[in-house]
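Geometric and topological summary
One-letter residues, chain by chain:
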Amino acid sequence: MMPANGDNRKGTNVRRSLRLAAALACCTVLGGMPARADTYERQPGISVEHYVFNVEVADNTHRIQGETVVTVRFTAPGVDHFFLDLAAPRADGTGMTVASVTQGGAATRFTHQGQRLTIQLGTAPGAGEVREYHIKYAGEPQDGMRFGTTDAGQRGIFTWNWPTKMREWAPTLDHVSSKVTTEFVITAPEQYTVAANGLLDSEVALGDGRKVTHWKQGVPITPWLNAVAIARFQTYYGGSARGVPLVIWAPTGQKVDVENGFTVARRTIDFFGDLVGPFPYEKLGQVVAPFDRSSTEHASVIFYGGGGVRDGEKPTPRRGNADAAALSRSGLLAHEIAHQWFGDSITEGGWGDVWLSEAFATYFADLYAEHYDGRDAFVTSLRSERTGALAAERRERDPVITPADDAAGPDLSRVQYVKGGWVLHMLRQQVTSPIFFKAIKTYYADHHGGHATTADLRRAMEAASGQDLGWFFDQWLTRVDSPKLDVSWVYDAAAKAVRVSVTQSQTGAAYRLPFEIGISDEPRGALRIQRFDIDAKQQEFTIPAEKAPAELLFDPDTKLLADVTLTRR
């Protein structure tokens, strides 16, 4: 996701600093990585395999009618109950009231308190037995499903489940660890188009002003990636790329750069397909949807901020070029489409590893720019992100990997985006580009459609490179401050050499760093590159030179994340 406010946060969690401090106080270190405190209760003995979400919406109301069909496989004997996440009625009138739970046509006992719907099984199932439960409910979502007016002045209803808000309008195991196939059967006023995950199965007019739209998502996804958009849409079809259908939905009256949207879609499917693996979903849909300027990477149906306002709220202020057409920012599109591979198909095993989503999307959008726009565009983006990463460290005081995996969601900050992207860039230099991309393919092949951890990525890189990378992952992912380097140099005419002094002035131990210096004998002339390795707080190096350099540059090829001061003595 890329919110337009520049902060790169999918959501605000006011408890982030307190949770981080508490987790750091009690965590242990295993193989150099911080342990995570997972507060979401697991349910041994059950596996949710499929959801069918039947939801009816109407004009001029925020209330919904729902019936969810949950397919559960019991993997062990002796299970007498299980739970789903679903917000119960609150004092402000929001929340869902459950009317009934049935299994095989018979009523099933249940309790519903807070955000938990607990279903009593009656007769205990045997190991391997599969049952379907029908849950009928109704209510007004506090969030998750949002009602409002699009930027084009039209009524719209859109879901926004990040990170644990699907429970506000539908019963699920609402946690990143759960991946399930889904269907949406949406009943809405006939004038609306419904877009959702997966492939369109049917649209049926009921003859009373309502229409039922049925979408099927045949690839398992985590709950927050489920998405529904309901509005008066313009629908654009872009053919297919490598067999993947391309569609764009935008509210009527919205200005959309349809050509660019389809161009980036085709290019990313080709480029990332070659670099990583085939596109993982049944279609690539792009929706101009939310009531703000954010965007999010729902599996197969990406939402891009088109402005507008949620009922009862003020519109998000326009920023930048207010007249820019939606889908005109190629870098944003490349970021969100890269998420289809990283974050959607390979999902982090816990919220502490959320960088495996955001850093990959950030860096692969940079790779897209390098491939289609050239090296200069790539370097410009890297340098901007380096500045942003150093600023984010100072402001947010977070490591890339946070040692918390709280049931409420991740401790997401800009650090995971831009510093995490730089970690991948430096990892590429450490193992070399051919080995890096070979390992990425292996990592994806081993974990696509499921979950992965930072340790899984490290194993793939070590297997491909033959290197022990524990030191690399530890220093770049678990420390808050990047290296601060004071680099000075002087030309020694008698020795015909350049003497370079490097001091690491950041708090804590010395970093282990490769770095490069470029020397030119003429102003803006060809650079002679010298590579060095440092692993101490203060070191000196000598570079042979027949005459004093006209120019000396630190890190000329933009390979290192560091706060550098370069002076001539």
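In what follows, the structure referred to is the one given above.
Residues numbered from 1 in each chain as written. Predicted model: local features only at pLDDT ≥ 70, side-chain atom pairs only at ≥ 80, totals over all residues. Heavy atoms only, no water.

Observations concerning unusual backbone geometry
Cis geometry marks the peptide bond from tryptophan 162 to proline 163, where omega comes out at -15°. By secondary structure assignment, the location of proline 163 is in the loop between strand 13 (155-159) and strand 14 (180-189). Even without glycine at this site, lysine 496 takes up a positive phi of about 50°. Structurally, the position occupied by lysine 496 is in the loop between strand 28 (484-492) and strand 29 (497-504). The class of lysine 496 is partly exposed, set by a relative accessible area of 41%. Although it is not a glycine, arginine 524 adopts a positive phi angle of roughly 60°. Residue classification places arginine 524 among the exposed positions, given a relative accessible area of 80%. (Helix = DSSP H or I, 4+ residues; strand = E, 2+ residues; numbered from the N terminus. Buried < 20%, exposed > 50% of the residue type's maximum accessible area, 1.4 Å probe, protein only.)

Quick notes on helix 5 (residues 375-396)
Helix length check: helix 5, at 22 residues, gives a terminal C-alpha distance of 31 Å against a target of 32 Å (1.5 Å per residue), a fit within 8%. Within helix 5, the full set of buried residues consists of Phe378, Val379, Ser381, Leu382, Glu385, Arg386, Gly388, Ala389, Leu390, Ala392, Glu393 and Glu396. (Expected span 1.5 Å × (residues − 1).)

A word on the sheet that holds strand 29
Across the sheet, which stays open at both edges, the four strands sit in the order 32-29-28-34 with mixed pairing between neighbours. The open sheet has two edge strands, strand 32 (538-544) and strand 34 (563-568), and neither has a second partner. Going from strand to strand, the sheet's axes swing by 20° on average, the running direction of each strand aside. One ladder, built from eight bridges, connects strand 28 with strand 29; its direction is antiparallel. By the bridge assignment for strand 29, valine 490 is matched with arginine 499. (Pairing = 2+ DSSP bridges. Axes fitted to C-alpha atoms, helices over the stretch in contact; angles between N-to-C directions.)

Quick word on the nonpolar core
Nonpolar side chains in soluble globular proteins tend to end up buried together. Among the nonpolar cores identified, the biggest contains 107 residues, and Trp355, Phe364 and Leu457 are the most heavily contacted of them. With ten residues, the single largest contributor to this core is helix 4 (residues 355-373). In this structure, leucine 457 is in contact with Trp355, Leu356, Phe360, Leu424, Ile440, Tyr443 and Phe473, ignoring residues within four places of it in sequence. In terms of nonpolar packing, the next biggest core, distinct from the first, is built from 55 residues, Ile157, Ala196, Ala289 and Phe291 among them. (Core = buried A, V, L, I, M, F, W, Y, C linked by side-chain atoms within 4.5 Å. Contact = heavy atoms within 4.5 Å.)

Describing the packing of helix 3 (residues 330-338) against helix 4
Running from N to C, helix 3 and helix 4 cross one another at 130°; their axes reach a closest spacing of 8 Å. Compared by their axis directions, helix 3 and helix 4 come out oblique. Regarding helix 3 and helix 4, the two cross each other, and that crossing is right-handed. Across from Gly331, Ala334, His335 and Ala338 in helix 3, the residues of helix 4 making contact are Glu358, Ala361, Thr362, Phe364, Ala365 and Tyr368. Grouping the constituent residues of the contact of helix 3 with helix 4 by class yields six nonpolar, three polar and one charged. (Parallel < 35°, antiparallel > 145°, perpendicular 65-115°, else oblique. Left-handed = near helix turned anticlockwise from the far one by under 90°. Nonpolar A, V, L, I, M, F, W, Y, C, P; charged D, E, K, R; others polar.)

Describing the side chain of arginine 479
Relative to the elements of secondary structure, arginine 479 occurs in the loop between helix 9 (470-477) and strand 28. Of note is the side chain of arginine 479, whose polar atom sits 3.3 Å from the backbone oxygen of threonine 507. Filtering out sequence-adjacent residues up to four positions away, arginine 479 remains in contact with Pro399, Lys419, Asp474, Gln506, Thr507, Gly508, Ala509, Ala510 and Tyr511. (Polar contact = N/O pair within 3.5 Å; in protein donor to acceptor, adjacent residues only side chain to side chain.)

A word on the sheet that holds strand 15 (residues 193-196)
The sheet built from five strands is open, its strands ordered 15-18-13-12-24 with antiparallel pairing. The outermost strands of the open sheet, each flanked by one partner alone, are strand 15 and strand 24 (309-310). The pairing of strand 12 (residues 145-149) with strand 13 spans five bridges and is classified as antiparallel. Bridge pairing links threonine 149 to arginine 155 in strand 13.

Quick notes on the packing of aromatic side chains
Counted by the stated rule, this structure contains 35 aromatic pairs. On the numbers, 5.9 Å between centres and 65° between planes, the contact of phenylalanine 272 with phenylalanine 364 is edge-to-face. In this pair, phenylalanine 272 sits in helix 2 (residues 258-275) while phenylalanine 364 sits in helix 4, placing the two residues 92 residues apart along the sequence. On the basis of relative accessible area, phenylalanine 272 is assigned to the buried category, the value being 1%. On the basis of an interplanar angle of 40° and a centroid distance of 4.6 Å, the ring pair of phenylalanine 532 and phenylalanine 541 is categorised as tilted. Judged by relative accessible area, phenylalanine 541 falls into the buried class, the value being 13%. Three or more aromatic residues joined by ring pairs make a cluster, and in this case those are Phe271, Phe272, Phe279, Tyr281, Trp341, Phe342, Phe360, Phe364, Tyr368, Tyr372, Tyr443 and Tyr444. (Phe/Tyr/Trp six-rings, centres within 6.5 Å; stacked < 30°, edge-to-face > 60°.)

Observations regarding the pairing of strand 4 (residues 46-56)
By the bridge criterion, ten bridges tie strand 4 to strand 5 (residues 64-74) in an arrangement that is antiparallel. Paired with glutamate 56 across the two strands is glutamine 65, which belongs to strand 5. When strand 4 meets strand 14, the two strands line up parallel, connected through seven bridges. Residue pairing across strands places glutamate 56 opposite threonine 187, the latter belonging to strand 14.

As for the environment of tryptophan 169
With respect to the secondary-structure elements, tryptophan 169 resides in the loop between strand 13 and strand 14. Tryptophan 169 gets classed as buried once you look at its relative accessible area, which sits at 0%. Considering only alpha carbons, one finds tryptophan 169 and arginine 63, 106 residues apart in sequence, at a separation of 9.8 Å. With residues near it in sequence (within four places) discarded, tryptophan 169 still touches Val55, Ile64, Leu86, Met96, Tyr137, Pro141, Asp143, Gly144, Met145, Thr159, Asn161 and Phe184.

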